[in-house]
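Each chain, letter by letter, is given below.
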Amino acid sequence: MTRKREFEFSLAAPIGVHKDGEKQFADKITLVAPSVKNNKSRCIIKQAIAHCIAESQKNRESNSDVVASSETNEDFATLGPIMATSLYVFLDSNQILEVINAFTDLLISGCGRVLDTPLTTFHLEQLDAEDLDKMLGEYIVNFFKF
Amino acid sequence: MPSNALVNPQIIINNIAIPFVPNSAKIDLGTGEQNVKAVAGGGAVVDTVYFNDVENSVSKVEFDMYVTDVTIELHQDWKSLGNGNTIEVVEVNGITATFPFMAHTNRVEFAIGNDKMVTITFMGNPAIT
């Protein structure tokens, strides 16, 4: 079975993009699955998810539904925010920052496109922080399997 | 009204922040040149005519870059896009000017050596602020 390699994420706050000589505004970002080229960032994120799963298993009786399973039937858009929240629940602030930095590195290294142009720091600096959290959640649910 | 000097802008061209030589950036918003001439109406009647010289309503962004492999690559990209470059100049105190349909117009000679710089000039539509 071929796995989905990319999906579109809708932004709550549009960002400016230089395209065809003009500044345009985009409300969608195309997210692309990480490849071996992105292994450093991918490993940091995957390890953080594994940590969250392990922690949620420890607290299973009280927190059985916090970390989303890849076998669940819920759609990715619903699971994304749950995943983002679980990172904040189970990781300390330094670990979360490390995950977010790894994710932004992924995005500017070929795993993100906006209006068919590669994502750059210029775009990331305009992103709404809540959009970035939600995007991270959906990215994990779509592309990280255990 | 207190004001802040524009000293440390960020120049973003085609979504990429450009590393340029400090204090070398110059921008012309493309507001053009206007003139007022007197006209005689006979006797004591004197009036004025206002001229807006649209010939000069071209914006300009100019800055220096050190000669590096990145500079040469960017220069080639900008030239290949014709007037399809977009420039955004952002100053730290919040002023942003967007320059649409910019063309990298000047001929560039890359001097090979230590501490060498080139001037990069773009011209295009009047800026949007």
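Structural notes, computed from the coordinates.

Basis of the calculations
Residues numbered from 1 in each chain as written. Chains lettered and ligands numbered in written order. Predicted model: local features only at pLDDT ≥ 70, side-chain atom pairs only at ≥ 80, totals over all residues. Heavy atoms only, no water. Contact = heavy atoms within 4.5 Å. Buried area = accessible area lost by both parts, 1.4 Å probe. Salt bridge = Lys/Arg side-chain N within 4 Å of Asp/Glu carboxyl O. Polar contact = N/O pair within 3.5 Å; in protein donor to acceptor, adjacent residues only side chain to side chain. Helix = DSSP H or I, 4+ residues; strand = E, 2+ residues; numbered from the N terminus. Nonpolar A, V, L, I, M, F, W, Y, C, P; charged D, E, K, R; others polar. Core = buried A, V, L, I, M, F, W, Y, C linked by side-chain atoms within 4.5 Å. Buried < 20%, exposed > 50% of the residue type's maximum accessible area, 1.4 Å probe, protein only.

### Focus on the interface of chain A and chain B
Residue-level contacts link 12 residues of chain A with 14 residues of chain B. Interface area for chain A against chain B, summed over the two sides, is near 920 Å², with a carbon-plus-sulfur share of 51%. The three residues of chain A that bury the most area against chain B are His18, Gly21 and Phe122 of chain A, which together make up 59% of that side's buried surface. The tally of links between chain A and chain B comes to one salt bridge. Between Lys23 of chain A and Glu88 of chain B there is a salt bridge, with the nearest N and O atoms lying 2.8 Å from each other. Along the contact surface separating chain A from chain B lie 11 residue pairs in polar contact (both at pLDDT 80 or more). Within the residue set of the side of chain A that touches chain B, elements represented by two or more residues are strand 1 (6-19), strand 2 (22-32) and helix 5 (121-126) of chain A. Its residues assigned to classes, the side of chain A that touches chain B comprises two nonpolar, five polar and five charged.

### Let's talk about the nonpolar core
Generally speaking, nonpolar side chains in soluble globular proteins are found buried as a group. Ile29, Ile45, Phe103, Met135 and Tyr139 of chain A are the most contacted members of the largest nonpolar core, which has 38 residues in total. Secondary-structure elements contributing two or more residues to this core are strand 1, strand 2, helix 1 (39-58), helix 3 (76-90), helix 4 (93-111) and helix 6 (129-143) of chain A. In this structure Ile45 of chain A touches Val99, Ala102, Phe103, Leu106, Ile140 and Phe144 of chain A, once residues within four positions along its chain are discounted. By size, the runner-up hydrophobic cluster in this structure holds 19 residues, among which are Ile13, Met65, Leu74 and Ile87 of chain B.

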